[in-house]
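Listed below, chain by chain, are the residues.
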Amino acid sequence: MIESSQAYQQAITADARGVRLLAVVDIIDPDMEQGGAEGSPQDGDVSRIGQLWDKKFQVTANYASLEPCRWLLDGNTGPLPDEAGDIPDWEAGMVGLELSGPDGLFGTPQSAQISFSSVHILQACSVAFSDRPEDGVAEDFVVEVFSAGTACVRREVTGNHDALVPITAFKIIDPDAIRVTVTRWTLPGRRMRVVEIVPGVYEEWTEEISGFSFKRQADITCLTLPYGTCSITLDNQSRRFEPRNKNGVFQMLEERQGIALYMLVRLPDRTWERKPLGVLYQHSGGWKTGDNAPTIKWDLVDIVGLLAGRAFLWPEEEPLPTNLQGWMEALAGQLGKNFKHRVRVDLEYAQRPVTAARKALEGLSCGDILRYVCMAAGTFPRADASTGYLAAEPVWHEGSRVTLDNLNSYPVMSANDGAAAVTVSGYTVPGGDPAGRPIEVKNPFPTTDGQKRLLAQTILSSCGGNRFELTGRGNPASEVGDVDVIWLDESTATCARLILQDLSFSGGVLRNCKSVLIRGGGDLFTFSERVRFLESGTFVVPENVWRIRVLLVGRGGSGLRGYDGMWANYTNWFLGTLLYPPPEGGANGENGADGSGGMVWDGVFDVNPGQEFAVAVNGNSKFGTHSSADGKRYPNGYTDMATGDVYARNGVRNPRPGSGDGGEGGRGGYAGSWYNRGRWYYDEGPQYPGWSEGGWGIDPSRPGPGRWEIETVIEQEPTPGQEGAIGASGCMIVCWEPPEVIPA
């Protein structure tokens with residue numbers, strides 16, 4: 001699950017919410033090789049000329065200088081550090097040394113230039129200046145595009161006041177440099193600041209998106225290779241993407257160009273939190289536009305989709321990779337050398353040995369090898385949502401909390417396909433489901449029976465069990481591979497692993513989003529024997545058992561008592577002002593804080609038959625030297641995929657004994673209400689019109705003698721806050737494989 005703020009969690013599940021799309025269109029040659037960056041004399045303390053390449057347009061270099069409006073005594077700017085090595089890692093781009101004159105002119109024209117190679121056609125470029133108003137921008141400047149030392153394109157810009165300036169309507173073959181030369185700045189006494197020079201089209205589009213359908217999926221068994229897809233329709237009113245428009249950028253469109261996709265969710269404070277969906281790429285025939293059409297449609301795939309059917313080409317003279325990291329880089333590198341390092345491998349798995357003979361790989365595509373490599377290393381492939389990189393991930397036990405309030409209907413549950421047996425390169429592990437299909441995998445990477453057995457067990461863990469289909473409002477912070485906790489009522493929940501998610505807009509709204517989750521039952525055929533301890537005792541390892549899995553769940557915290565209600569008066573007004581305003585935030589008592597779920601520790605380790613372990617289940621659950629206190633907390637609960645049980649959730653209204661669930665905080669008390677009323681009273685008794693609410697009034701027909709009486713009326717006493725639910729005790733679960741000697 002993508003990390004999210006508490007405000008985001010509230011916003012995405014709120015009754016009314018704001019969600020919009022953002023596409024960063026990156027039409028830059030994917031094979032381009034970056035060269036150097038150079039320019040006029042620079043401010044050595046600040047300038048970061050290498051950042052002209054990093055595609056970051058927001059300046060974060062906020063410091064005090066002698067330029068006007070850059071030495072403000074409001075605490076928002078600070079001095080430069082004394083030592084060059086202490087300069088902060090900020091975004092500055094190139095910062096010139098010379099100051100503009102009173103009329104904005106530079107005594108010597110200021111320039112910045114980038115060099116590159118391996119770009120065949122260039123039809124557009126952009127120059128970005130500082131986005132900070134106090135810095136100003138280039139008013140008069142020239143952009144030149146070079147090929148082999150010759151300026152083939154020269155565009156003069158005058159009277160500019162924009163921070164980002166696109167240069168279009170040209171075509172140049174084999175360009176190798178872009179130079180920006182500034183003669184006048186919009187403000188006097190300023191340094192030239194160039195943040196980015198883009199050799200292509202790099203834009204952020206929101207309103208221009210007229211259609212969007214996005215799906216991401218994965219298969220943790222690696223038996224298949226599903227991948228993320230997206231259809232996005234963008235405005236083409238300017239005909240920039242029209243094939244017959246000579247001033248457009250159509251000829252720059254090619255395979256492997258990326259579009260970074262985001263969803264923005266509006267928070268309660270009216271700001272927006274950005275959630276990445278991933279970087280998806282054009283592939284062969286990935287764009288569609290009709291003759292002179294007002295829109296262009298891209299059918300995109302993620303990096304896994306780019307690799308799926310590609311042939312694996314490896315030089316005969318180079319040895320094959322020998323570990324997971326090496327294989328992932330080799331596969332990504334098949335898309336071009338700029339892709340080689342676009343990989344993300346879990347650090348604990350990166351150096352796992354994965355080897356095969358070259359002959360065994362003959363006829364296999366990149367997609368086949370990707371599946372087999374990840375399968376052999378105990379991971380699964382997917383496209384990383386944050387970066388778009390090719391990722392190899394182990395399965396994890398966390399995800400989102402799914403409540404019935406955010407679903408269109410109750411979850412649809414069906415049986416997940418079972419397996420009669422799994423055979424890996426000749427080694428067979430029974431699946432325990434005679435009616436299931438036999439699964440055979442010819443993976444060239446595992447060599448020993450122990451490796452083949454482990455691989456087969458991993459596949460079995462996702463076979464059988466249940467399949468859940470949900471239709472709801474969608475959550476862009478979810479990721480395939482997450483184990484989502486589905487709250488079925490106030491006490492119980494089940495869990496399943498997300499394998500498919502659809503985040504499509506319908507009528508401009510994120511809704512009717514479908515997702516598929518599975519909870520395989522295959523673990524029951526591997527660690528099939530299990531015992532659960534709710535009280536302290538002793539566990540003796542059974543005969544011929546050499547490996548166990550232990551789950552330790554600590555006690556959950558109790559919810560705190562809700563705050564008492566307070567007095568409130570909403571009726572006594574005078575001249576439009578409430579005489580007795582209620583406390584800020586209202587007079588109802590706040591709910592008490594939810595109790596946290598207990599700490600959870602799990603692990604698999606080798607043991608000896610007959611070995612005894614002391615078991616303690618009280619505050620922290622302990623098994624020998626292991627303790628739940630050594631684990632961590634899971635905000636949405638820890639999921640046991642073998643049984644579907646969920647442990648150690650936060651804020652459960654009716655925690656189950658032994659679950660380690662934290663109790664829900666008590667409800668705050670209700671406000672009490674009161675008001676004052678008054679009346680004129682004479683010797684013969686009270687006079688018409690009787691009581692006057694608010695305690696203010698006169699009787700014009702009887703100027704006196706008499707007196708004004710005030711009475712306080714209590715409509716309702718404030719109620720006390722309720723006690724929070726008591727956190728549940730923890731437990732300890734030990735699982736082991738059927739008694740046998742585990743092969744090496």
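Use the structure listed above.
Now for a description of the structure that goes with this document. Quantities reported herein were computed from a predicted structural model and do not represent experimental measurements.

Rules of the game
- Residues numbered from 1 in each chain as written.
- Predicted model: local features only at pLDDT ≥ 70, side-chain atom pairs only at ≥ 80, totals over all residues.
- Heavy atoms only, no water.
- Helix = DSSP H or I, 4+ residues; strand = E, 2+ residues; numbered from the N terminus.
- Expected span 1.5 Å × (residues − 1).
- Buried < 20%, exposed > 50% of the residue type's maximum accessible area, 1.4 Å probe, protein only.
- Contact = heavy atoms within 4.5 Å.
- Pairing = 2+ DSSP bridges.
- Axes fitted to C-alpha atoms, helices over the stretch in contact; angles between N-to-C directions.
- Phe/Tyr/Trp six-rings, centres within 6.5 Å; stacked < 30°, edge-to-face > 60°.
- Lys NZ or Arg CZ within 6 Å of the ring centre and 35° of its normal.
- Parallel < 35°, antiparallel > 145°, perpendicular 65-115°, else oblique.
- Left-handed = near helix turned anticlockwise from the far one by under 90°.
- Nonpolar A, V, L, I, M, F, W, Y, C, P; charged D, E, K, R; others polar.

## With respect to helix 4 (residues 366-377)
Piece 1. Taking 1.5 Å of rise per residue, the twelve residues of helix 4 would be expected to cover 16 Å, and the 16 Å separating its terminal C-alpha atoms lies within 8% of that figure.
Piece 2. A large share of helix 4 lies buried, amounting to ten of its twelve residues.
Piece 3. Among all positions of helix 4, only C366, G367, I369, L370, R371, Y372, V373, C374, M375 and A377 are buried.
Piece 4. Buried residues along helix 4 sit in contact with helix 2 (303-308), helix 3 (324-332), strand 20 (380-383), strand 21 (390-393), strand 26 (437-441) and helix 5 (449-460).
Piece 5. G378 lies just past helix 4 and shows a positive phi near 75 degrees.

## Section: the sheet that holds strand 9 (residues 164-167)
Piece 1. Taken in spatial order, the four strands line up as 3-12-6-9 in an open sheet, and their pairing is antiparallel. At either margin of the open sheet sits one strand with a lone partner, and together these are strand 3 (94-99) and strand 9. Within the sheet, the average angular offset between the axes of one strand and its neighbour, ignoring direction, is 25 degrees.
Piece 2. One ladder, built from four bridges, connects strand 6 (residues 125-129) with strand 12 (residues 191-198); its direction is antiparallel. Residue A128 lies in a different strand from strand 12, and its bridge partner there is E196.

## Points about the packing of aromatic side chains
The way to describe two aromatic rings as a pair is by their centre distance and the angle between their planes.
Piece 1. A complete count under the given rule lists 16 aromatic pairs for this structure.
Piece 2. Both rings, one in W53 and one in F116, keep their centres 6.5 Å apart while their planes meet at 90 degrees; by these two values the pair is edge-to-face. Taken together, the positions of W53 in the loop between strand 2 (33-39) and strand 3 and F116 in strand 4 (residues 105-117) put the pair 63 residues apart, joining distant regions of the chain. In terms of burial, W53 and F116 fall into one category: buried.
Piece 3. Each ring, one from F539 and one from F623, has its centre 6.1 Å from the other, and the planes form 50 degrees; the classification is tilted. Of this pair, F539 sits in strand 34 (residues 537-540) while F623 sits in strand 41 (residues 621-623), and the two are 84 residues apart along the sequence. You'll find F539 and F623 in the same group, each marked buried.
Piece 4. An aromatic cluster is defined as three or more aromatic residues linked by ring pairs; in this entry it consists of F539, F605, F613, F623 and W736.
Piece 5. Here the guanidinium or amino end of R274 rests over the ring plane of Y262, the centre of that ring lying 4.7 Å away.

## Some thoughts on the packing of helix 3 against helix 4
For any two helices packed against each other, one specifies the inter-axial angle together with the distance between the axes.
Piece 1. Two elements in contact, helix 3 and helix 4, have axes separated by 10 Å at closest approach and are oriented at 165 degrees. In terms of their interaxial angle, helix 3 and helix 4 are classed as roughly antiparallel. Where helix 3 crosses over helix 4, the two elements pack in a sense that is left-handed. Contact residues: helix 3 offers L324, W327, M328 and L331, while helix 4 offers C366, I369, L370, V373, C374 and A377.
Piece 2. Considered class by class, the residues forming the contact of helix 3 with helix 4 number ten nonpolar, no polar and no charged.

Structural measurements only, silent on function.
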